[in-house]
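Take a look at the letters that make up each chain.
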Amino acid sequence: VNKEYYKMDGYRSWYKLHQEINSINITNKEEINAIAEELVTNFEIEVIKKNKLMNGVINTLSVLKENNILGIVSNNSKDAIEYALRKEGIREYFKVIVGRPNPFDPNKIKPSPNQLIKAIELININNYDNDSKIYYLGDAVNDILAAKNASILSIGIATGKYTKEELIKAGA
């Protein structure tokens, strides 16, 4: 594997790795993809172990859950998301969790609307574009674009990777 992958953003690395796997002339790409998925998930969990919730998250979740159904849509693996939620003791706040598709498909992760649409289907909301109030909170440009692509109102949260201005420019 090219060492340049390690200098790139995690999702771009995963995308490039997926391209490399698919360019290999072998018959067992599924096994390689499964091994890559396990490696990436283990890496995500190691990163989670080193991080903590931002101040105010539990209070915010408590208020939001009073009158809303909460879910998580992430380009991380579902296993890593579940680990993070259990680690922080907040799993019970979320009805639905949608991680990156497995096997990985770079065309089905954010900014594609696929994961958001899947979450909406799992929550069982019909006619979401007309009758329901669905908001997607995100801290990345791809979050905002995925919401836009799914015809969902997005709320940008400037946590540091992207500025308020960048999120607004994307459509938050």
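Remember, predicted model here, so these are calculated numbers, not experimental data.

### Comments concerning the nonpolar core
Membership of the largest hydrophobic core comes to 13 residues, with the highest contact counts inside it found for V73, L116, Y136 and I152. Of all the secondary structure elements, the ones that give two or more residues to this core are β2 (96-98), α5 (114-123) and α6 (141-149). For this core, the leading source of residues is α5, giving 4 residues. What V73 contacts, discounting residues up to four positions off in sequence, is V98, K110, Q115, L116, A119 and Y136. In terms of nonpolar packing, the next biggest core, distinct from the first, is built from 9 residues, L61, L70, I81 and Y93 among them.

### Concerning the environment of F43
Position of F43 among the secondary structure elements: in helix α2 (residues 29-49). Classification of F43 as exposed rests on a relative accessible area of 56%. Taking the C-alpha atoms as reference points, F43 and A80, separated by 37 residues in sequence, lie 9.0 Å from one another.

### Brief notes about the pairing of strand β4 (residues 153-156)
Direction of pairing for strand β3 (residues 135-138) relative to β4: parallel, over a ladder of 4 bridges. Opposite Y135, over in β4, you have L153 as the bridge partner. Taking the sense of rotation as the criterion, the β-α-β connection linking β3, α6 and β4 turns out right-handed.

### Topic: the side chain of S74
Topologically, S74 is positioned in the loop between β1 (71-73) and α4 (78-88). Judged by relative accessible area, which is 10%, S74 ranks as buried. At 2.9 Å, the side chain of S74 forms a polar contact with the backbone nitrogen of N76. With residues up to four places along the chain from it excluded, the contact list for S74 reads I81, V98, G99, R100, K110 and Q115.

### Describing α2
With 21 residues, α2 should reach 30 Å at 1.5 Å per residue; the first-to-last C-alpha distance of 30 Å fits that figure. Residues N33, A36, E37, V40, T41, E44, I45 and I48 constitute the buried set of α2.

### Comments concerning the confidence of the model for the protein
Per-chain confidence: the protein averages 85 in pLDDT, with 83% of residues scoring 70 or above. Note that pLDDT drops below 50 for residues 1-8; the model gives that stretch 5 contacts with residues more than four away or on any other chain.

The rules behind each value
- Residues numbered from 1 in each chain as written.
- Predicted model: local features only at pLDDT ≥ 70, side-chain atom pairs only at ≥ 80, totals over all residues.
- Heavy atoms only, no water.
- Core = buried A, V, L, I, M, F, W, Y, C linked by side-chain atoms within 4.5 Å.
- Buried < 20%, exposed > 50% of the residue type's maximum accessible area, 1.4 Å probe, protein only.
- Helix = DSSP H or I, 4+ residues; strand = E, 2+ residues; numbered from the N terminus.
- Contact = heavy atoms within 4.5 Å.
- Pairing = 2+ DSSP bridges.
- Right-handed = clockwise from strand over helix to strand, strands pointing away.
- Polar contact = N/O pair within 3.5 Å; in protein donor to acceptor, adjacent residues only side chain to side chain.
- Expected span 1.5 Å × (residues − 1).
- pLDDT = per-residue confidence, 0-100.

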